[in-house]
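Residue strings, one per chain:
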Amino acid sequence: MSESVETLLERARQFVHEVLIPREAELLHNDWPIIEPLLDELRAQARARGLWAPFLSREHGGAGLSLEQFARLSEVLGWSPFGHYVCNCQAPDVGNMELLHQFGTAEQQAQWFVPLSRGEIRSCFAMTEPDNAGSDPTRLSTRAVRDGNEYVITGHKWFTSSADGAAFTIVMAVTNPDAEPHARASQIVVPIPTPGFTLVRNISVMGESGGGWASHAEVRFDEVRVPVTNRLGDEGAGFTLAQERLGPGRIHHCMRWIGICERVFDLMCRRAVSREVSRGERLASKQAVQFWIADSRIEIHAARLMVLDAASRISRDGQRAAREEIAYIKVFVANVLQRVLDRALQAHGALGMTDDTPIAWWFRHERAARIYDGADEVHKSVIARRALAPYLKAANSSS
Ligand SMILES: Cc1cc2nc3c(=O)[nH]c(=O)nc-3n(C[C@H](O)[C@H](O)[C@H](O)COP(=O)(O)OP(=O)(O)OC[C@H]3O[C@@H](n4cnc5c(N)ncnc54)[C@H](O)[C@@H]3O)c2cc1C
């Protein structure tokens, strides 16, 4: 990392430790309408410190970081559950900004990218459907039928994260039902509100329905009409665009997860040296606890190196070439996260189950890491298929 990026990382570290972590309990234990204005204040501070939308170019108000540089920053921000949000680089907006920036027309950029990049609005991404397995995203029922200069969209989606209060959603809908499976869908921007669009509910996830940015909605499109000019890219290019969105998105998530791992590792070590479990003996003296600490240290280190390697492969050769490395990290880091969180929780005993530390909050919220952006098993199938391909070819040609 260059000196200027190291300086930025240090500034971010200070911001997270001195400003965000002290406000954490207040932010985690209140509802969205109460915390949104507090987060707006923190956003102003992040902006003043040059930490705003760091993945965007300076021309667009960001810090102009490369994917690897942003990955490093993502880890630093991951120490706080709100680190990414206050720096306007939170999912799903970050992916939507990248999409609009890369594939949006000048008009689409003026209408949606610019206010999003300034943090004036929020957005969401509606692809997954309750009635179809999201693991095979070509099985979509949502249709966008052309009627003159408009699309008429009908469908049912869920897990549209952050739809509550969003100014628009990008919906994945079938526009070309007779094309081959990967060329059937398009991504279309639907402003919210538009007649026919309904937010049915914020789904209760692990006991919390949440609100605003921190929620996952079930939504319906009942003959929603939008201009054809709201389509991103070519008709039928929805999956190609989705791949573009998901590659860097997985790097961002993985490095955020590593930030969470480091934070709860820190909490686990502090607890280990301070908790006396029998007279004169602290948790840290127990071999079981030492093993949790050692295993976590090793796994976090390996995870970081793997993610940085995948990020540099994407930058060097493009996402298609890095597909396998992206699959490795999506599985590996999500599982490291789950194990490290579990050990940290166990080390805290009953305290780990409470919301007096952020461990239980992350334990609930980040279980989803092994499901969203492709479940573990789907990525493992891709890896195994590629590994087996030459063996199958050889076996088939010799038989
Ligand atoms: C917290 C959270 C946020 C989300 N946010 C969004 C969002 O903003 N927008 C959006 O569109 N979607 C979102 N999703 C949805 C997410 O992308 C899907 O849940 C995911 O793609 C899996 O689809 P599914 O839930 O339909 O599971 P299914 O496809 O029904 O799969 C169920 C399980 O079956 C197994 N499985 C699936 N395929 C295979 C296979 N080939 N081999 C072996 N086992 C397999 C896996 O274990 C998988 O977990 C979110 C999900 C969560 C949990």
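Being a predicted model, the structure only gives us computed values, none of them experimental. (Residues numbered from 1 in each chain as written. Predicted model: local features only at pLDDT ≥ 70, side-chain atom pairs only at ≥ 80, totals over all residues.)

(A) Molecular detail of the overall build of the protein chain. A count of helical and extended segments in the protein chain gives 13 helices and 10 strands. In terms of overall dimensions, the protein chain has a C-alpha envelope of 80 × 65 × 45 Å along the principal axes. Taken over 399 residues, the protein chain has a buried fraction of 43%. Sequence separation of 24 or more characterises 71% of the internal contacts of the protein chain that already satisfy a separation of 6 or more. (Helix = DSSP H or I, 4+ residues; strand = E, 2+ residues; numbered from the N terminus. Buried ≥ 20, exposed ≤ 12 C-beta atoms within 10 Å, placed from the backbone. Contact = placed C-beta atoms within 7 Å.)

(B) Broad picture of the nonpolar core. Residues Ile153, Cys261, Val264, Val307, Val333 and Leu337 are the most contacted members of the largest nonpolar core, which totals 104 residues. Per element, the largest residue contribution to this core is 13 residues, and it comes from helix 8 (residues 238-274). Setting aside residues up to four positions removed in sequence, cysteine 261 forms contacts with Ile300, Val336, Leu337 and Val340. (Core = buried A, V, L, I, M, F, W, Y, C linked by C-beta atoms within 7 Å.)

(C) Spatial organisation of unusual backbone geometry. Omega for the bond connecting alanine 91 with proline 92 falls within 30 degrees of zero, at 0°, which places this linkage in the cis form. For proline 92, the position within the fold is in the loop between helix 5 (83-86) and helix 6 (93-103). Omega for the bond connecting isoleucine 192 with proline 193 falls within 30 degrees of zero, at 5°, which places this linkage in the cis form. With respect to the element layout, proline 193 can be found in the loop between strand 5 (185-191) and strand 6 (197-202). Despite not being glycine, alanine 53 has its phi angle at roughly 35°, a positive value. The buried category is assigned to alanine 53, around which 23 C-beta atoms lie within 10 Å. At glutamate 223, a position not held by glycine, the phi torsion is positive, near 50°. Following the sequence through the fold, glutamate 223 ends up in strand 7 (residues 216-227). Since 11 C-beta atoms lie within 10 Å of it, glutamate 223 is described here as exposed.

(D) Region of the structure containing the packing of helix 4 (residues 67-77) against helix 9 (residues 287-317). The geometry of helix 4 relative to helix 9 is characterised by a closest axis approach of 9 Å and an angle of 155° between their N-to-C directions. Looking at the two axes, helix 4 sits roughly antiparallel to helix 9. Here helix 4 and helix 9 pass one another in a crossing that is right-handed. Across the interface between the two elements, Leu67, Glu68 and Ala71 from helix 4 touch Val307, Leu308, Ala311, Ser312, Ile314 and Ser315 from helix 9. The residue inventory of the contact of helix 4 with helix 9, partitioned by class, reads 6 nonpolar, 2 polar and 1 charged. (Axes fitted to C-alpha atoms, helices over the stretch in contact; angles between N-to-C directions. Parallel < 35°, antiparallel > 145°, perpendicular 65-115°, else oblique. Left-handed = near helix turned anticlockwise from the far one by under 90°. Nonpolar A, V, L, I, M, F, W, Y, C, P; charged D, E, K, R; others polar.)

(E) Representation of the site of the ligand. Around the ligand, a shell composed of 19 residues is seen, among which Met127, Ala133, Gly134, Ser135 and Glu377 lie nearest. Across the shell around the ligand, the residue classes tally to 11 nonpolar, 7 polar and 1 charged. (Near = placed C-beta within 6 Å.)

(F) Geometry of the domain arrangement of the protein chain. In terms of domain boundaries, the protein chain breaks down into domain 1 (3-104), domain 2 (123-232) and domain 3 (240-398). The centre of domain 2, based on its C-alpha atoms, is set 29 Å off from the matching centre of domain 3. In this assembly, 5 residues from domain 2 lie in contact with 7 residues from domain 3. Considering only residue class, the side of domain 2 that touches domain 3 consists of 3 nonpolar, 2 polar and no charged. (Domains from an automatic or database assignment.)

(G) Looking closely at the environment of glutamate 235. For glutamate 235, the position within the fold is in the loop between strand 8 (231-232) and helix 8. In this structure glutamate 235 comes out as partly exposed when scored by C-beta crowding, with 18 C-beta atoms within 10 Å. Separated by 61 residues in sequence, glutamate 235 and valine 174 have C-alpha atoms that sit 9.4 Å apart. Sequence-distant contacts of glutamate 235, defined by excluding residues within four places in its chain, comprise Thr175, Asn176 and Ser186.

(H) Just helix 6, in detail. The set of residues buried in helix 6 consists of Asp93, Val94, Gly95, Asn96, Met97, Leu99 and Leu100. Buried residues along helix 6 sit in contact with helix 7 (106-117), strand 1 (123-126), strand 4 (168-174), strand 8 and helix 8.

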